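Spelled out, the chains give:
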Amino acid sequence: MFGRSSSSMVFRCLVTMYAVIVAQPPGGGPPDGGPPDGAAPPDGGPPNGGAPDGSTGTTITEEEPHIVVNSHKQCIPPAGTAQTITGHIYCDNYFEFWFNGELVAKDPMTFTPHNAVQVSFEWDGISDKEFAIMCMDYASTSGYEYTETSSAQIGDGVLMAEFSDGTVTGSGWNTFVVTHGPTDESETAGCSATNLDACVVTTATEPTGWTGAGFEVDGAWATATEYTADEAGWGRTPSWDTTASCCGTSTSPMTQATLSLNGGCSVIYTADNPDGEAVTVKQSECLNPQSVLSETRSKMIWSSNLKKDNKVLFRLKVAADASSGIQCPVCDAVVRTTQRIRREMRTLTDEEWGKVTAAMWIMKTTSQADGVAAYGASFRTYDYFVVKHLVAMVDLRGDQAHFGPMFMPWHSAFILEFENALLSVDPEILAMPYWDTTLTEPSVFTEKYFGSAPGTGANGEVIDGAFKYWPIASNFSMGDYKNAAGETISTTYTGSKTGMLRGPDATRTETTVLRFGTSTYAYDPNDFWKCANLDSFWYDWYECVEQGTAGGVGVVSGSLHSGPHAQIGGKSGDDSGDFEDVTASPNDPIFFFHHADVDRNAYWWMHVNADKRASAYGYPTEEASGIGPYAGMTYYGQHLMDRMGDAWGFSAQDLGFSDSTDLQTNADILCKVSPTTAVYTYDTVVACLADGGAGGCQTTWGDEVATTTTTTAAATTSTAATDTAIATTSGSTTGAATTASTTGATATVSTTGAAAEATTQSSSTAETTTQ
């Protein structure tokens, strides 16, 4: 559980996180500068997806990474459901792995470095699960290694593995020793590091069919012995070189020297090639075991003799009905045939844009009571959203809306509630517009749209644009705010240091929105679609849009989410611009248009990963871990069945799902705000589905040339805004950043192919099984 003994210290950390995340190395490494999984950061473009002058960043990968391993525990699909099981295996030194009699993987590195390997395999959901692993510590015919040096020694082996179905290594596994030595008898006879000729190694015959399905262990097998890392060690940590596709430096088990072939880069020792034999190694096979495995989840195991048993066989049988954990809930949301269309803001006519800004001014200047009386129960004041965002961030358990897998469910719900409020004021708006940060022309930092960045006021105030002199509340009182049910909010937030509706440590006193950043920010359009098209799991997608990585692999050069906050809001810490003030960033109206665009990325990702929907896209069910200031922390709010920001959550009524006041979970949002069940879609999605899923929603992997993209400004007047036209799924799309031309209220949605996601994910109940 996360607590705060010093709110000032922690909030100072949080309020600088937008800047920290985008100040990472070009390779997309974590904020502390350490490359993921021990990997050397690849070459890449400037952080934030673009340089301060607005030029687009270059990509950092040449091939699309297929994230085959879900590093977080996911829910269990219904019995009999076929399942892809993924995992990580670490063996000192070499392993081969079979599942239900089928060979799944072989370790490409036979000695050093000591690497962990990602594995992925299919289970039919009906058969028992039978794991069989051969693990071998290198030993010569004497039982010693480094025999061509003056310090020959007896090594030790170890196996450690974790799988997404919850299977981990431990004392429940069985072992069979194949080779053992040097024997005690030979040591009595004089075997030693200086007298290897006297050493004897014994070899047992491997049991027939031991790798196959249906094999039963007998009395020749023993129970695995558990060891600690202090006892067995982690060995030489691998380091991935992206440029050379090299897994660290390999050494000889005979001489202990670096193998001479290719400087030891991705080569292995063999008796026939003592200088090294080249092998092909993938980054997913060159992982730092300490970054993907944990002694809190699994155990290091071996036979009873850690040093002298050199080749050991391991088996484990798991009954088909023995899986334990959170059952995947079943989604009961209706597949929609029409959806309102969220459009890029610059494609709106002047009349349409004017309706959006007028409604936002009404929300800003009307009290909750008067707004509900005039516009209905969906009305919310603008500041309602600023305060709700703040409350979620300062939750004493940990941030309920950022730095973890709950980021997108929470923000999707947040934008949907805002959209519902906006449409309650003026239904002719039709849908929430979004700001595509990959489009540079026409600029949005003009009198027509967002005004200047930096602000042109004496102290950075924004005094031009559609939201000029946008007020920031002073003399703030939390008592003025209640949730939609009329209840008092439980929170530690009481306003900024100066009594304003800004972050707890904010020191500014200006009563107008402040900006200190740039108006030339742009995000690489190809990077946008790289994250959107990832073959990955939920948390991998979030890491991609937040810090440019996924599954330990660098994917893009900047942060789709945090980049605009830092570069447009400007400064950091106590003196941030309002869009950079991480806790109170909705103070700047840009927030809602930007986050609708991040939602657009998630929306398409869910579409292309529809095959993972039955398992909630691999969303963590337990033992999740945050990033940034919450790295390594697990707390309520992060997990699939947790209610989102329950101190001030989202009811089904808030989001227009039903009249229920029940607070929604992360699972509810994944169910009800999917591409086939959401009340809204996006113009690019309509165009791309009309183009067979190709066109503007695709990306290029490999070397790209940075380009400037533009969108055509809309006409100044239109009558389409008041119509309820049906936008069909025909349309033309060109390039990654093309915006579909759709002016109607709703879209006719195809429910065939990938778009027709199975409605098998639950939103209401889940149970833990311990069969």
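Residue positions are given per chain, counted from 1 along the sequence in the order it is written. In keeping with the model being predicted, local features are shown solely for residues with a pLDDT of at least 70 and side-chain atom pairs are shown and tallied solely at 80 or more, while totals for entire chains, interfaces and linings include all residues. The basis for every side-chain value is the complete set of heavy atoms in the structure, and neither hydrogens nor water enter the calculation.

## What to know about the overall build of the protein chain
Formally: The helix and strand labels rest on DSSP assignments: H or I over at least four residues marks a helix, E over at least two residues marks a strand, and numbering proceeds from the N terminus. Buried residues are those whose accessible area, probed at 1.4 Å on protein chains only, stays under 20% of the maximum for their type, while exposed residues exceed 50% and partly exposed ones sit between those limits. Per-residue and other accessible areas follow the Shrake-Rupley method at a 1.4 Å probe size, with only the shown protein chains counted as cover for residues.
Within the protein chain, the secondary structure is distributed over 15 helices and 26 strands. Expressed as a percentage of the 771 residues in the protein chain, the buried residues total 60%. Total accessible area computed for the protein chain in this model is approximately 27200 Å², and 50% of it derives from carbon and sulfur atoms.

## Observations concerning helix H9 (residues 407-425)
To be explicit about the condition: How far a helix is expected to stretch is found by multiplying one less than its residue total by 1.5 Å.
The terminal C-alpha atoms of H9 lie 27 Å apart, and with 19 residues this matches the ideal 27 Å at 1.5 Å per residue to within 8%. Within H9, 19 of the 19 residues are buried, which leaves it mostly tucked inside the rest of the structure.

## What about the packing of helix H8 (residues 382-393) against H9?
So the rule is basically this: Think of each axis as a best-fit line through the C-alpha atoms, taken over the contacting stretch in the case of a helix, with angles from 0 to 180 degrees between the N-to-C directions. Should an angle lie under 35 degrees it is considered roughly parallel, over 145 roughly antiparallel, and from 65 to 115 roughly perpendicular; all remaining angles are considered oblique. Left-handed describes a crossing whose near helix is turned anticlockwise from the far helix by less than a right angle; the clockwise case is right-handed. Contacts are residue-level and defined by heavy atoms, with any inter-residue pair within 4.5 Å sufficient. Any residue outside Ala, Val, Leu, Ile, Met, Phe, Trp, Tyr, Cys, Pro, Asp, Glu, Lys and Arg is labelled polar, Gly included; the first ten of those are nonpolar and the last four are charged.
Direction vectors running N to C along H8 and H9 enclose 165 degrees, while the axes themselves pass 11 Å from each other. With respect to H9, the axis of H8 lies roughly antiparallel. Of the two elements, H8 crosses H9, and the hand of that crossing is right-handed. Between H8 and H9, the contacting residues are Tyr382, Tyr384, Phe385, Lys388, His389 and Ala392 on the first element and Trp410, His411, Phe414, Glu417, Phe418 and Ala421 on the second. When the residues that make up the contact of H8 with H9 are grouped by side-chain class, the tally is eight nonpolar, two polar and two charged.

## Observations concerning the packing of aromatic side chains
The following threshold applies: Working definition: rings of Phe, Tyr and Trp (its six-membered ring) pair if their centres are within 6.5 Å, and the pair is stacked with planes under 30 degrees apart, edge-to-face with planes over 60 apart, and tilted otherwise.
Throughout the structure, instances matching the rule amount to 58 aromatic pairs. Note on tyrosine 382 and phenylalanine 418: the rings are 6.1 Å apart at their centroids and 85 degrees apart in plane angle, and the pair reads as edge-to-face. Of the two residues, tyrosine 382 is situated in helix H8 and phenylalanine 418 in helix H9; the sequence distance between them amounts to 36 residues. The same class applies to tyrosine 382 and to phenylalanine 418, which are both buried.

## With respect to the pattern of salt bridges
Threshold: In what follows, salt bridge is the name for a side-chain nitrogen of Lys or Arg lying within 4 Å of a carboxyl oxygen of Asp or Glu.
This structure, assessed with the given rule, holds 31 salt bridges. One salt bridge in this structure joins arginine 297 and glutamate 162, with 3.0 Å as the shortest N-O distance. A residue pair is termed long-range when its members are at least 10 positions apart, and arginine 297 in the loop between helix H5 (289-292) and strand S15 (300-302) and glutamate 162 in strand S6 (residues 158-163) qualify at 135 residues. Classification of glutamate 162 by relative accessible area gives buried; the value is 10%. Residue lysine 468 is joined to glutamate 447 by a salt bridge in which the shortest nitrogen-to-oxygen separation is 3.8 Å. Placement of the pair is lysine 468 in the loop between strand S19 (439-441) and helix H10 (525-532) and glutamate 447 in the loop between S19 and H10, with a sequence separation of 21 residues. On the basis of relative accessible area, glutamate 447 is assigned to the partly exposed category, the value being 48%. Overlapping salt bridges bring together Arg340, Arg342, Glu419 and Asp599 as one network.

## So, the pairing of strand S3 (residues 102-106)
Filter applied, for reference: Here the rule is simple: two strands pair whenever DSSP picks up at least two bridges between them.
Inspection of the sheet shows strand S2 (residues 94-99) paired to S3 by four bridges, in the antiparallel sense. Looking at S3, one finds that tryptophan 98 is bridged to leucine 103. Turn length for the S2-S3 hairpin, with the two strands adjacent in sequence and antiparallel, is two residues, and the turn residue asparagine 100 shows positive phi of about 50 degrees.

## Some thoughts on the pairing of strand S4 (residues 116-123)
Within S4, six of the eight residues are buried, which leaves the element mostly enclosed by the surrounding structure. Pairing geometry for strand S1 (residues 83-92) and S4, over eight bridges, is antiparallel. By the bridge assignment, isoleucine 85 is partnered in S4 with phenylalanine 121.

## Concerning the confidence of the model for the protein chain
Counted only if it meets this: The predictor's confidence in any single residue is recorded as pLDDT, a number from 0 to 100.
Of the residues in the protein chain, 81% reach a pLDDT of 70 or more, and the chain-wide mean stands at 83. This model gives residues 1-61 a pLDDT under 50, and the stretch forms 186 contacts once residues within four places in sequence are excluded. Low pLDDT, under 50, characterises residues 715-744; the predicted model gives this stretch 75 contacts beyond four residues in sequence or across chains.

## Focus: unusual backbone geometry
The linkage connecting aspartate 92 with the following residue, asparagine 93, adopts the cis geometry, with an omega of 20 degrees. For asparagine 93, the location among the structural elements is in the loop between S1 and S2. The residue after glycine 181, namely proline 182, is reached through a cis peptide bond having omega 0 degrees. Position of proline 182 relative to the elements: it lies in the loop between strand S7 (174-180) and helix H3 (184-188). At asparagine 100, a position not held by glycine, the phi torsion is positive, near 50 degrees.

## Topic: the side chain of aspartate 107
Note the following rule: Counted as positive: Lys and Arg. Counted as negative: Asp and Glu, with His and the chain ends omitted from the count. Definition of a polar contact: a pair of N or O atoms within 3.5 Å, with one able to donate and the other able to accept a hydrogen when the atoms are protein atoms, and with sequence-neighbouring residues admitted only if both atoms are side-chain atoms.
Within the element layout of this structure, aspartate 107 appears in the loop between S3 and S4. In this structure, aspartate 107 is buried with no salt-bridge partner, the nearest side chain bearing the opposite charge being lysine 106 at 12 Å. Engagement of the side chain of aspartate 107 in a polar contact is seen with the side chain of asparagine 115, the distance being 3.0 Å. Beyond its immediate chain neighbours, meaning those up to four positions away, aspartate 107 contacts Cys91, Asn93, Tyr94, Phe95, Asn115 and Val117.

## What to know about the environment of valine 334
By the secondary structure assignment, valine 334 is in the loop between strand S17 (325-326) and strand S18 (338-342). Distance from valine 334 to lysine 672, taken between C-alpha atoms, is 8.2 Å for residues 338 residues apart in sequence.

## Here we look at the nonpolar core
Threshold: Residues belong to one nonpolar core when they are buried, are Ala, Val, Leu, Ile, Met, Phe, Trp, Tyr or Cys, and are joined through side-chain atoms within 4.5 Å.
Within the largest apolar cluster, 111 residues are counted, with the highest numbers of intra-cluster contacts made by Trp353, Phe450 and Phe593. It is H9 that contributes the most residues to this core, 12 residues altogether. When residues no more than four places from it in sequence are discounted, the contact partners of phenylalanine 593 are Met345, Trp353, Val356, Met360, Met432, Pro433, Tyr434, Trp435, Phe450 and Phe467.

## Concerning the environment of valine 177
Note that valine 177 resides in strand S7. Residues contacting valine 177, with those up to four places away along its chain left out, are Ala204, Ser303, Asp309 and Lys311.

## A short note on the state of the cysteines
For the record, the criterion: Cysteine sulfur atoms are paired as a disulfide whenever they fall within 2.5 Å.
A complete count under the given rule lists eight disulfides for this structure. Here cysteine 75 connects covalently by a disulfide to cysteine 328, the sulfurs 2.0 Å from one another. Taking the torsion about the sulfur-sulfur bond, which here is approximately 90 degrees, the covalent link between cysteine 75 and cysteine 328 counts as right-handed. Of this pair, cysteine 75 sits in the loop between helix H2 (17-22) and S1 while cysteine 328 sits in the loop between S17 and S18, and the two are 253 residues apart along the sequence. In terms of burial, cysteine 75 and cysteine 328 fall into one category: buried. The disulfide bridge from cysteine 91 ends at cysteine 135, spanning 1.8 Å between sulfur atoms. Taking the torsion about the sulfur-sulfur bond, which here is approximately 95 degrees, the covalent link between cysteine 91 and cysteine 135 counts as right-handed. Residue cysteine 91 is found in strand S1, and its partner cysteine 135 is found in strand S5 (residues 129-136); the two are separated by 44 residues along the sequence.

## Section: helix H6 (residues 350-365)
In this model H6 runs 22 Å from its N-terminal to its C-terminal C-alpha over 16 residues, within 8% of the 22 Å that 1.5 Å per residue would give. Taken together, the buried positions of H6 are Glu352, Trp353, Lys355, Val356, Thr357, Ala359, Met360, Met363 and Lys364. As for H6, its buried residues are in contact with H8, H9 and helix H13 (590-608).

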